[in-house]
Amino acid sequence: KAGVTQTPRYLIKTRGQQVTLSCSPISGHRSVSWYQQTPGQGLQFLFEYFSETQRNKGNFPGRFSGRQFSNSRSEMNVSTLELGDSALYLCASAEASGNTIYFGEGSWLTVV
Amino acid sequence: SQQGEEDPQALSIQEGENATMNCSYKTSINNLQWYRQNSGRGLVHLILIRSNEREKHSGRLRVTLDTSKKSSSLLITASRAADTASYFCATDEWGGFKTIFGAGTRLFVKA
């Protein structure tokens, strides 16, 4: 089975712009989670989707949003980018909640 | 705040020595997992231990879970330079639909 695939791997954006990151989960996995990783804050939970429904979200402003499609692929969007949004954004998938989650390689976002 | 907190934050040992990392958490959990992350890469799953288990082994890894103390430990025996990475514990809260990660322990194994 192919692993979790995230695109793009690297991107540079300017303050005020918006960005969309994509995640394709492992085939058969219906749960997709997103995390933000920064040196100072570690891995912060953004949100989790299951069968196109957001079941939980972390403490992030409304500029951070996501969605999941019927094929379980997921996207996250960050609008009005700020310098502090520079981070590694990780997507993870699981068959169901409570099971092992598998991570993609992440998308490195740099905001200048 | 993070559900899981690892201790120590950083650990430096010689190849061949054992490395022990600890994790504490706050609420009731469904399971606890340990992950490894090489610099700038995604996290790799190492081992999952369920709340009704006390110890689990996988190769050179040994994980213990003490739900009364809300803590877990990861032991890596006979460490190798390739074990150099950050190690994270992660917990699933009951019915929470989210996996929470600690800040991680940075392990450096000197050849």
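These notes cover the structure that comes with them. Positions within a chain are numbered from 1, following the residues in the order the chain's sequence is written. Chain letters start at A and ligand numbers start at 1, both assigned in the order the entries are written. In keeping with the model being predicted, local features are shown solely for residues with a pLDDT of at least 70 and side-chain atom pairs are shown and tallied solely at 80 or more, while totals for entire chains, interfaces and linings include all residues. Hydrogens are left out, water is left out, and the side-chain values use all remaining heavy atoms of the structure.

1. Examining the overall build of chain B
In this description a helix means any DSSP run of H or I spanning at least four residues, a strand means any run of E spanning at least two, and both kinds are numbered starting from the N terminus. Scanning chain B for helices and strands turns up zero helices and 11 strands. In chain B, the order of α-helices and β-strands from amino to carboxyl end is β-β-β-β-β-β-β-β-β-β-β. Taken over the C-alpha trace, chain B has a radius of gyration of 13 Å; the compact-globule value for 111 residues is 13 Å, and the two agree within 12%. Judged by the C-alpha coordinates and their principal axes, chain B covers about 45 × 30 × 20 Å. Working rule for contacts: check all heavy atoms of both residues, and any pair within 4.5 Å makes them a contact. Considering only contacts in chain B between residues 6 or more positions apart, those separated by 24 or more positions represent 55%. Residues counted as positive are Lys and Arg, residues counted as negative are Asp and Glu, and His and the chain ends are not counted. Note on charges: their place is set at NZ of Lys, CZ of Arg, CG of Asp or CD of Glu. Taking the average place of the 14 positive charges on the side chains of chain B and the average place of its 11 negative ones, the gap between the two points comes to 3 Å. The globule rule is 2.2 Å times the number of residues to the power 0.38, and the radius of gyration it is compared with is taken over C-alpha atoms.

2. Here we look at the sheet that holds strand 1 (residues 5–7) of chain A
Residue and element names in this part refer to chain A. Strand pairing is defined by DSSP finding a minimum of two bridges between the two strands. Pairing in this open sheet of four strands is antiparallel, and the strands run 1-3-8-7 from one edge to the other. Edge strands, defined here as strands with exactly one partner in the open sheet, are strand 1 and strand 7 (64–68). Adjacent strand axes in the sheet meet at a mean angle of 15°, parallel and antiparallel pairs treated alike. Bridging between strand 3 (residues 19–24) and strand 8 (residues 74–78) involves five bridges; their strand directions are antiparallel. Bridged to serine 22 within strand 8 is glutamate 75. To get an axis, fit a line to the C-alpha atoms, keeping to the stretch in contact for a helix; angles then go from 0 to 180 degrees between the N-to-C directions.

3. A few points about the interface of chain B and chain A
If you look at the interface, chain B gives 21 residues, while chain A gives 20 residues. For the pair chain B and chain A, the two sides together bury roughly 1700 Å², of which 50% comes from carbon and sulfur. Salt bridge, as used here, is a side-chain nitrogen of Lys or Arg placed within 4 Å of a carboxyl oxygen of Asp or Glu. Our count for the chain B to chain A interface comes out at one salt bridge. For arginine 41 of chain B, the salt bridge goes to glutamate 105 of chain A, with nearest N and O atoms at 2.6 Å. Polar contacts here mean pairs of N or O atoms no more than 3.5 Å apart (in protein, one a potential hydrogen donor and the other a potential acceptor; neighbouring residues in sequence count only if both atoms are side-chain atoms). The tally of links between chain B and chain A comes to four residue pairs in polar contact (both at pLDDT 80 or more). When contributions to the side of chain B that touches chain A are tallied by element, the ones reaching two or more residues are strand 4 (29–37), strand 5 (43–50), strand 9 (85–93) and strand 10 (99–101) of chain B. Top element by residues in the side of chain B that touches chain A is strand 4 of chain B. It accounts for five residues. When the residues that make up the side of chain B that touches chain A are grouped by side-chain class, the tally is seven nonpolar, 10 polar and four charged. Throughout, the accessible surface (probe 1.4 Å) given up by two parts as they are put together, summed over both, is called the buried area. Under the scheme applied, nonpolar residues are Ala, Val, Leu, Ile, Met, Phe, Trp, Tyr, Cys and Pro; charged residues are Asp, Glu, Lys and Arg; polar residues are all the others, including Gly.

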